[in-house]
Amino acid sequence: MAAKVARYTIIFVPFPAQGHVTPMLRLARTLVDHGDVSVTVAVPDFIHCRMAQLSILGVALVSIPSSIQDDGNGEPPGPPSFLHAIEHYMPAQLEGMLTTERGIVGARRVSCLVVDLLASWAIPVAARLGLPVVGFWVGMLATYRTVAVIPELMDKGLISESVNRAKNIRSILVNSINGEGGDSELYDPPQGQEILPVGPLLFNHDSKKTTAMWQVDQTCIGWLDKQSVGSVIYVSFGSWAAPMEPEKITGFAHGLEASGRPFLWVLKNHPSWRAGLPDRYMEKVACHGKIVSWAPQDDILKHKAVGCYITHCGWNSVLEAVRHGVRMICFPISSDHFINCAYIVHMWEVGIALDSSDQSNVKDCIGRVMEGEKGRHLQQMVNKLRKTITVGEAMCVAKRSLSLFMERIKNNLSDEDIRRNQVTPQNCG
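Residues numbered from 1 in each chain as written. Predicted model: local features only at pLDDT ≥ 70, side-chain atom pairs only at ≥ 80, totals over all residues. Heavy atoms only, no water.

1. A closer look at the overall build of the protein chain
Thought 1: Within the protein chain one finds 18 helices and 13 strands.
Thought 2: Burial status across the protein chain gives 55% buried among its 429 residues.
Thought 3: Sequence separation of at least 24 residues holds for 70% of the intrachain contacts in the protein chain that already meet a minimum separation of 6.
Thought 4: For the protein chain, the exposed area adds up to about 19000 Å²; of that, 51% sits on carbon and sulfur atoms. (Helix = DSSP H or I, 4+ residues; strand = E, 2+ residues; numbered from the N terminus. Buried < 20%, exposed > 50% of the residue type's maximum accessible area, 1.4 Å probe, protein only. Contact = heavy atoms within 4.5 Å. Areas by Shrake-Rupley, 256 points an atom, 1.4 Å probe, with all protein chains shown as cover.)

Below you can see the structure in the form of structure tokens.
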């Protein structure tokens, strides 16, 4: 029997970084599970070659030519290499793929494009083809608001018109949680635009169905199985943060060793990251420490041996830690990390800030989180937040957001309908 053809075909265009591709893949699977939808995720060729083994029923991964020379080994190209390509070469490539009979979806009609707001180069392509566009913001609502002020800054002449491609997008899917705190609940989007928080829905996925761009070290879980419950310090600074100065890596290395606790440290096997490790360090700490190049983070954070997480505060990492009830030690590096850190420490009280990577400071922060009254308070608060976002009101609002998104696709509702159906806790039932 032939497989049923989905009625609605959606094209996803993520920004070419692991922290952006992963939540889009999770959203794609969530939509496919919702029914009668097929999703095609269009990524640059240098991403596609690293994730071609992806296998999710109803989700296809296709390659957009980028003109960037890359053999698919080692680190994928960074912004200095690809920013020119995504602005000046890839738009024509994507447009051709969308219009040719044997392109992305063949003869099927595209219902809409879901575009990462940092991949806004795809928005004019959709406009030229008359395709509806829905925006996707991979972070929390608080960080989206830093982008939402762009029109005001333009009116004041502080920035140029070229960054304002998203001004006419009527729906923005946000990888956030309802009730995130602060004054986000008071945010009133521009007339005719709606914010749809869907973050909690992206938890409902099989982590093995998403694919990393780096080879995962499969020995991590076996090593954790040998450790005591709640004893391990997990350390990772993300997939895309710039390398730290060697002296900071040295400080972390000495601090972790001085803590006397078992630790699992994800540290890319590249001189730019490992130059700061003390001589023979890995041999010296081998009895209680493990350093790997890349790890199955979601599986690690849900492991009973993990007691805290030293993190750069990337939003995906924050959500994964909260989902599994893991306390955090925050060491933000760039971009939205600092806003996320402020919420972790001051708004939610599920972690503490690491002011420096000095040995004594690292050791002291680990002790505060792993034991004593402070540690117990952090655990109580992260357990409370975990419940809120996985089974509480936030999940209810996320489900309502997804339903409204599908209604937009099916019915192409007017601005008046959008305003009338704005998602709130009161109408999420």
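There is more to say after this.
2. Quick look at the pairing of strand β9 (residues 263-266)
Thought 1: Here β9 shows two buried faces, one formed by Phe263 and Trp265 and the other by Leu264 and Val266.
Thought 2: Alignment of strand β8 (residues 232-236) against β9, held across four bridges, turns out to be parallel. When the bridges of β9 are listed, Ile233 appears paired with Phe263.
Thought 3: Note: β9 against strand β10 (residues 289-292), four bridges, orientation parallel. Residue pairing for β10: Leu264 is matched across the bridge by Lys290. (Pairing = 2+ DSSP bridges.)

3. Considerations on helix α4 (residues 90-99)
Thought 1: Those residues of α4 that sit buried are Met90, Pro91, Leu94, Met97 and Leu98. Summarising the axial view, the buried residues of α4 lie within an arc of 130°, below the 170-degree limit, and thus occupy one face.
Thought 2: Looking at the packing, one finds that the buried side of α4 touches β1 (8-13), β2 (37-44), β3 (59-64), α3 (79-88), β4 (110-116) and α5 (122-129). (Arc of directions from axis to C-beta.)

4. Remarks on the pattern of salt bridges
Thought 1: Here the structure, examined in full by the defined rule, presents twelve salt bridges.
Thought 2: For the salt bridge of Lys284 with Glu257, the shortest nitrogen-to-oxygen distance reads 3.5 Å. Here Glu257 lies in helix α9 (residues 246-259) and Lys284 lies in helix α11 (residues 281-284), a separation of 27 residues in the sequence.
Thought 3: Since its relative accessible area comes to 56%, Lys284 is described here as exposed.
Thought 4: The partner of Asp299 in a salt bridge is Lys302, and the shortest N-O contact between them spans 3.4 Å.
Thought 5: Assessed through its relative accessible area of 49%, Lys302 is described here as partly exposed. (Salt bridge = Lys/Arg side-chain N within 4 Å of Asp/Glu carboxyl O.)

5. A few points about the packing of aromatic side chains
Thought 1: Scanning the model with the defined rule gives ten aromatic pairs in all.
Thought 2: Both rings, one in Phe237 and one in Phe252, keep their centres 5.1 Å apart while their planes meet at 55°; by these two values the pair is tilted. Here Phe237 is found in the loop between β8 and α9, whereas its partner Phe252 is found in helix α9, with 15 residues between them in sequence.
Thought 3: Here the aromatic cluster, defined as three or more aromatic residues joined through ring pairs, consists of Phe15, Phe46 and Phe82. (Phe/Tyr/Trp six-rings, centres within 6.5 Å; stacked < 30°, edge-to-face > 60°.)

6. Regarding unusual backbone geometry
Apart from glycine, the bulk of residues carry a negative phi angle, and the bulk of peptide bonds sit in the trans form.
Thought 1: Phi is positive for Arg280, which is not a glycine, with a value near 60°.
Thought 2: For Arg280, the position within the fold is in the loop between α10 (271-274) and α11.
Thought 3: In the Ramachandran plot, Cys313 falls in the positive-phi region, its phi being about 75° despite a non-glycine side chain.
Thought 4: By secondary structure assignment, the location of Cys313 is in the loop between β11 (306-311) and α13 (315-323).

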